[in-house]
Amino acid sequence: MSVSASRLLAFVRDIAAPDPKVRESAADQVTDLVSGCSLADGRVLAGVLAAAAECETDAAALEAQLNAIIQLGSLAEPEMVGRLLALDIEELPGELGDYIEDLLEG
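Owing to the predicted nature of the structure, the values given are computational and were not obtained by experimental measurement.

### Side note on the packing of helix α4 (residues 59–72) against helix α6 (residues 96–105)
Taken N-terminus to C-terminus, the directions of α4 and α6 make an angle of 25°; their axes are 10 Å apart at the nearest point. Accordingly, the angle class assigned to the pair α4 and α6 is roughly parallel. Handedness of the α4/α6 crossing: left-handed. For the pair α4 and α6, contact is made by A59, L62, E63, L66, N67, I69 and I70 and by L96, Y99, I100 and L103, respectively. Partitioning the contact of α4 with α6 into residue classes produces nine nonpolar, one polar and one charged.

### A closer look at the environment of P78
Looking at the secondary structure, you find P78 in helix α5 (residues 78–81). When the C-alpha positions of P78 and S38 are compared, they lie 16 Å apart, and in sequence the two are 40 residues distant.

### Let's talk about the pattern of salt bridges
Counted according to the given criterion, the structure contains five salt bridges. Between K21 and E24 there is a salt bridge whose closest N-O contact spans 4.0 Å. Pair noted here: K21 and E24 are both in helix α2 (residues 20–33), with a separation of three residues, about one helical turn. Residue classification places K21 among the exposed positions, given a relative accessible area of 58%. Two residues, R43 and E77, come together in a salt bridge whose shortest N-O distance is 3.1 Å. With R43 in helix α3 (residues 39–54) and E77 in the loop between α4 and α5, the pair connects residues that are 34 residues apart, well separated along the chain. Here R43 falls in the partly exposed class, since its relative accessible area comes to 35%. On the basis of relative accessible area, E77 is assigned to the partly exposed category, the value being 25%.

### Side note on the nonpolar core
Counting 30 residues, the largest nonpolar core has L45, L49, L66, I69, L72 and L84 as the members making the most contacts within it. Of all the elements in the fold, those that place two or more residues in this core are α1 (5–15), α2, α3, α4 and α6. If we ignore the near neighbours within four places in the chain, the residues touching L45 are L8, F11, V30, L33, C37 and L72.

Basis of the calculations
Residues numbered from 1 in each chain as written. Predicted model: local features only at pLDDT ≥ 70, side-chain atom pairs only at ≥ 80, totals over all residues. Heavy atoms only, no water. Axes fitted to C-alpha atoms, helices over the stretch in contact; angles between N-to-C directions. Helix = DSSP H or I, 4+ residues; strand = E, 2+ residues; numbered from the N terminus. Parallel < 35°, antiparallel > 145°, perpendicular 65-115°, else oblique. Left-handed = near helix turned anticlockwise from the far one by under 90°. Contact = heavy atoms within 4.5 Å. Nonpolar A, V, L, I, M, F, W, Y, C, P; charged D, E, K, R; others polar. Salt bridge = Lys/Arg side-chain N within 4 Å of Asp/Glu carboxyl O. Buried < 20%, exposed > 50% of the residue type's maximum accessible area, 1.4 Å probe, protein only. Core = buried A, V, L, I, M, F, W, Y, C linked by side-chain atoms within 4.5 Å.

Just geometry here; none of it tells us what the structure is for.
See the structure below:
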């Protein structure tokens, strides 16, 4: 099964929205899509999430993005998840650094 093209495009639009609440909500919605994702869908979602996380400025949106990547699990392309190496783990609030370490080890 796969996610519809219109839903994928809506996700891409929302994950790049100027409003951090919209970005957070978009990432949260990915967890609802995981069970219906094909490998290709999962790779698209994880790639966009990793790119968004790399430049995210809002802690809540970043947490939602990282959680969504974790939920995608093996569907995530390791090379795309590797983009998270660009983040300074020591500078992240709360346990977000732990999320990244889990993703990079996984």
